[in-house]
Amino acid sequence: MKKINDSIVGNNVDIYVVVGYLFIAFLLMASVLILFFYFSRKKIIQKEIEKKNLEINHQKELLRSVILTQEAERKRIAQDLHDDISSKLNVVSLNTHLLKTPNLSDDELLDITNNITDLTQKALENSRRIAHDLLPPVLEKFGLHAGVEELVVEFNSSKVVLVKYTNELNFNIDDIDKHLHIFRILQELLNNSVRHGKATEISIAFKSIDNQNTCIYSDNGIGFDSNSDSAQKGLGMKNIESRINFLNGTFSLNSSLNNGVKINFTF
């Protein structure tokens, strides 16, 4: 009887030992799984933080490009006002004082008045040009389609480049702010194609693609490596991208050396 009891006790001890080992193994596995999920989650969170930081830095770059562009535009306008208008008005003022000179001959009076008239007319023309650069009147009065048509005529009149323009969209004339961004984007693209790309042919088309208003722009210029950092980070491209962001649109850029440029953007 005692041997049977000892055997039962021994078996119970063995069972407890096995259960203890199983419990310890379970705890170890649970700990490993917890640590695995913890570090995996930590890695995912870290990657999300890095992604968000990249997005924030990108937005900062876009904002910086907008500020730099605005400052350059203000400087250009200030320079135009100083050189083209203020200087001419100063000369007009001097000529006006000359009219007070006693004993002027008729010829002298005629020369002075003609000079005043000529300078005043040039100052008016320059002020209209500055106002046109700030907000083209045709864009404000007749909408984006008419504004782009006028822009195309201006570039074609130079005889340096042939710009082809087609439009399949109907623009709401009340969306002046939106249209001004699109107009400025096209201005930037056209200037880049002519000045830097040496293009002789340019195509601009407005279409609806997958129910999305899209502008398709291309030229036959010298092109560039669109994968290079300098191409992606240039002030001109940042300015264009920032305007497209304001439009809540997207854009794609394709270019290579000697193969021109093609840009699609939605708005």
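Notes on the structure in this doc start here. Given the structure is predicted, the values throughout are model-derived calculations rather than measurements. (Residues numbered from 1 in each chain as written. Predicted model: local features only at pLDDT ≥ 70, side-chain atom pairs only at ≥ 80, totals over all residues. Heavy atoms only, no water.)

This brings us to the overall build of the chain. Each helix and strand in the chain was counted, giving seven helices and five strands. Burial statistics for the chain: of 267 residues in total, 28% are counted as buried. Considering only residue pairs separated by 6 or more positions, the chain has 67% of its internal contacts joining residues 24 or more positions apart. Accessible surface, the chain: about 18,200 Å² in total, of which carbon and sulfur atoms supply 58%. (Helix = DSSP H or I, 4+ residues; strand = E, 2+ residues; numbered from the N terminus. Buried < 20%, exposed > 50% of the residue type's maximum accessible area, 1.4 Å probe, protein only. Contact = heavy atoms within 4.5 Å. Areas by Shrake-Rupley, 256 points an atom, 1.4 Å probe, with all protein chains shown as cover.)

Assignment of secondary structure puts L99 in the loop between α1 (2-98) and α2 (106-134). Taking relative accessible area as the criterion, L99 reaches 32% and is therefore assigned partly exposed. Note: C-alpha distance between L99 and L109 (10 residues apart in sequence) is 6.9 Å. Sequence-distant contacts of L99, defined by excluding residues within four places in its chain, comprise L104, L109, I112, T113 and I116.

In the contact formed by helix α4 (residues 144-156) and helix α5 (residues 176-195), the axes pass within 10 Å of each other and the chain directions differ by 15°. Classified by the angle between their axes, α4 and α5 sit roughly parallel to one another. Like other packed secondary-structure pairs, α4 and α5 cross with a definite hand, here right-handed. Two secondary-structure elements touch here, α4 through L144, G147, V148, L151 and F155 and α5 through H179, I182, F183, L186, Q187, L190, N191 and V194. (Axes fitted to C-alpha atoms, helices over the stretch in contact; angles between N-to-C directions. Parallel < 35°, antiparallel > 145°, perpendicular 65-115°, else oblique. Left-handed = near helix turned anticlockwise from the far one by under 90°.)

Take the pairing of strand β1 (residues 162-167) next. Every regular strand shows the same layout, with side chains that alternate between the two sheet faces. Pairing between β1 and strand β2 (residues 201-209): six bridges, direction parallel. Paired with N167 across the strands is F206, a residue of β2. Taken together, β1, α5 and β2 constitute a β-α-β crossover, and its handedness is left-handed. (Pairing = 2+ DSSP bridges. Right-handed = clockwise from strand over helix to strand, strands pointing away.)

Looking now at the sheet that holds strand β3 (residues 212-219). Taken together, five strands build an open sheet; the order of strands is β1-β2-β3-β5-β4 and the sheet is mixed. Unpaired on one side and paired on the other, β1 and β4 (251-255) mark the two borders of the sheet. For this sheet, the mean inter-axis angle between neighbouring strands, taken without regard to orientation, is 10°. The strands touched by α4 within the sheet are β1 and β2, with β1 carrying the most contacts at an inclination of about 165°. Lying over the sheet, α5 contacts β1, β2, β3 and β5 (261-266), oriented at roughly 150° with respect to β2.

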